[in-house]
Amino acid sequence: MIDDEVKMVALALIGVMVITTAYPLLVSHRPIEAFSELAILGENGRVGDYPKSVRVGSSFNLLLYVGNYEGRTEYYQVLAKVGDQGSNIADTTPLIAAPIASWDMVLMNNQNKTLPVTLSISNAGTNRRLVFELHVLDPGSGAFVYHQRWIQIWLNVTTT
Amino acid sequence: MNRGSKGFIVAMLTFTILSSTVYAAPVDDLRIQLSQVFSLVVKAERSGGDVSGLVAKLDQAASLLNAGDAESLARASSLINQVYGNVGNVADLGAKATTLQYLWAGWTIALLGIWGLLIYLYGSRIFWTLWLRLKRDWRVEAV
């Protein structure tokens with residue numbers, strides 16, 4: 001009876017040691033939840049500190065933030081586009097408009113980057129939407145694909 | 001040769017041909033080169049290589065692409081070529097390190113398994129032999 005107990009305790013300890021050795025190798029390359037972050041900050045680094053009105057052709061500054069938590073290195077491209085109230089953009093479809101600016105960045109997993117950007121808009125209008133879309137390079141096809149992340153700020157673009 | 005190795009070689013050849021035909025590298029051509037070298041870096045990362053230095057250089061090259069002036073593009077091109085020159089070594093080192101890691105883990109698990117078997121077969125005998133040696137000076141008295 002005691003022989004069996006000794007065997008069982010010893011084997012249980014060995015089992016724990018085997019699991020402790022193998023587990024890190026099995027889970028080391030699997031992120032818990034894969035996601036990317038995209039944010040726009042005002043030039044002072046605050047959320048909501050955005051310009052409400054800008055003049056046509058004049059420059060204004062923002063901060064662009066991108067974070068990579070995909071579990072692997074990613075090559076991101078952020079496109080800035082201008083739309084209006086009728087423009088259609090969703091998580092599955094990017095805005096159909098030519099980009100007015102783009103920024104490339106390569107980030108490792110768990111890395112983020114805040115980039116100062118300077119923009120100007122060439123067409124006047126009220127309630128314009130300045131849209132920032134996150135695209136990511138698909139290494140298989142070698143093309144950038146829409147990464148279903150976007151953010152916008154509303155602007156009045158004036159001539160005076 | 002597996003599919004991964006073939007893809008790696010094809011990507012390197014494509015990059016070599018492209019980089020040798022670009023004389024004045026405009027932004028779009030450099031972006032294509034950057035994309036191709038990035039694909040090699042991703043493969044090196046998957047093989048277990050430490051790509052942190054390469055990624056930092058690629059990100060610097062991407063920032064220079066954003067700047068867009070001739071001097072920045074020349075520096076970006078230089079950085080992309082530096083990464084291209086080093087990515088093969090990083091991939092090889094990563095593959096070797098990963099193989100060693102798995103071998104070491106396999107060896108440890110095998111050793112633990114052998115220990116388990118020995119304990120299962122001889123554990124109780126060894127335990128009682130040691131117990132008897134430890135208690136050999138004891139005297140048993142009826143209470």
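Everything numeric in this text was worked out from a predicted model, so none of it was measured.

Novice: What should I look at first to understand the packing of helix α3 (residues 52–67) of chain B against helix α4 (residues 70–134) of chain B in this one?
Specialist: When two helices pack together, their arrangement is captured by the angle between the axes and the distance separating the axes. All names here are of chain B. Running from amino to carboxyl end, α3 crosses α4 at an angle of 160°, the nearest separation of the two axes being 9 Å. Classified by the interaxial angle, the pair formed by α3 and α4 is roughly antiparallel. As for how α3 packs across α4, the hand of that crossing is left-handed. Between α3, through Leu54, Lys57, Leu58, Gln60, Ala61, Leu64, Leu65 and Ala67, and α4, the contact on the second element is made entirely by Ser72, Leu73, Arg75, Ala76, Leu79, Ile80, Gln82, Val83, Asn86, Val87 and Val90.

Novice: How do you make sense of the sheet that holds strand β5 (residues 101–107) of chain A when you look at a structure like this?
Specialist: Sheet strands line up and pair through hydrogen bonds in the backbone, either parallel or antiparallel. Within the open sheet, the five strands sit side by side as β2-β8-β7-β4-β5 (chain A). Their pairing is mixed. The open sheet has two free edges, formed respectively by β2 (53–55) and β5 of chain A, since each of these has just one partner strand. Across the sheet, the mean angle from the axis of one strand to that of its neighbour is 35°, orientation sign disregarded. Inspection of the sheet shows strand β4 (residues 74–83) of chain A paired to β5(A) by seven bridges, in the antiparallel sense. Of the residues in β5(A), the one forming a bridge with A:Tyr76 is A:Met105. Along the sheet, helix α2 (residues 27–46) of chain B makes contact with β4, β5, β7 (125–138) and β8 (143–158) of chain A, crossing β4(A) at roughly 140°.

Novice: Explain the environment of A:Arg129 here, please?
Specialist: Residue and element names in this part refer to chain A. Relative to the helices and strands, Arg129 is located in strand β7. Residues Arg129 and Pro116, spaced 13 residues apart in sequence, show a C-alpha to C-alpha distance of 20 Å. Among all residues touching Arg129, those that are not within four sequence positions of it are Lys81, Val82, Gly83, Asp84, Gln85, Ser87, Ile89, Trp150, Gln152, Ile153 and Trp154. In this structure the side chain of Arg129 is engaged in a polar contact, spanning 2.6 Å, whose partner is the side chain of Gln152.

Novice: Whenever I open this one, the sheet that holds strand β6 (residues 111–119) of chain A confuses me. Can you help?
Specialist: Residue and element names in this part refer to chain A. The three strands lie next to each other as β1-β3-β6, forming an open sheet whose pairing is antiparallel. At either margin of the open sheet sits one strand with a lone partner, and together these are β1 (35–42) and β6. On average, adjacent strands in this sheet sit at an angle of 20° to one another, irrespective of strand direction. The sheet contact formed by strand β3 (residues 60–69) and β6 spans nine bridges and is antiparallel. Pairing of Phe60 across the sheet is with Leu119, part of β6.

Novice: Mind showing me how you'd approach the interface of chain A and chain B here?
Specialist: How big an interface is tends to be reported as the loss of accessible area on association of its parts. Of the residues lining the interface, 30 residues belong to chain A; the matching set on chain B comes to 29 residues. Carbon and sulfur atoms make up 70% of the surface buried where chain A meets chain B, a total of about 2700 Å² over both sides. Contact with chain B buries area across many residues of chain A, yet A:Lys7, A:Leu25 and A:Val106 alone supply 21% of it, more than any other trio. Along the contact surface separating chain A from chain B lie two salt bridges. Our count for the chain A to chain B interface comes out at six residue pairs in polar contact (both at pLDDT 80 or more). Put simply, the parts of the chain that give the side of chain A that touches chain B at least two residues each are α1 (2–27), β4, β5 and β6 of chain A. Counting residues per element, the side of chain A that touches chain B draws most heavily on α1(A), at 12 residues. The class makeup of the residues in the side of chain A that touches chain B is 19 nonpolar, five polar and six charged.

Novice: Explain the confidence of the model for chain B to me, please; I cannot follow it from the model alone.
Specialist: Low pLDDT means the predicted atomic positions in that stretch should not be read closely. All names here are of chain B. Of the residues in chain B, 83% have a pLDDT of 70 or more, and the chain-wide mean is 84. Of all secondary-structure elements in chain B, the lowest mean pLDDT belongs to helix α1 (residues 3–21), at 54, while α3 reaches the highest, 94. Every residue in residues 20–24 scores below 50 in pLDDT, and together they form two contacts with partners more than four places removed in sequence or on other chains. In the model output, the complex is listed with pTM 0.75 alongside ipTM 0.79.

Rules used in this analysis
- Residues numbered from 1 in each chain as written.
- Chains lettered and ligands numbered in written order.
- Predicted model: local features only at pLDDT ≥ 70, side-chain atom pairs only at ≥ 80, totals over all residues.
- Heavy atoms only, no water.
- Axes fitted to C-alpha atoms, helices over the stretch in contact; angles between N-to-C directions.
- Helix = DSSP H or I, 4+ residues; strand = E, 2+ residues; numbered from the N terminus.
- Parallel < 35°, antiparallel > 145°, perpendicular 65-115°, else oblique.
- Left-handed = near helix turned anticlockwise from the far one by under 90°.
- Contact = heavy atoms within 4.5 Å.
- Pairing = 2+ DSSP bridges.
- Polar contact = N/O pair within 3.5 Å; in protein donor to acceptor, adjacent residues only side chain to side chain.
- Buried area = accessible area lost by both parts, 1.4 Å probe.
- Salt bridge = Lys/Arg side-chain N within 4 Å of Asp/Glu carboxyl O.
- Nonpolar A, V, L, I, M, F, W, Y, C, P; charged D, E, K, R; others polar.
- pLDDT = per-residue confidence, 0-100.

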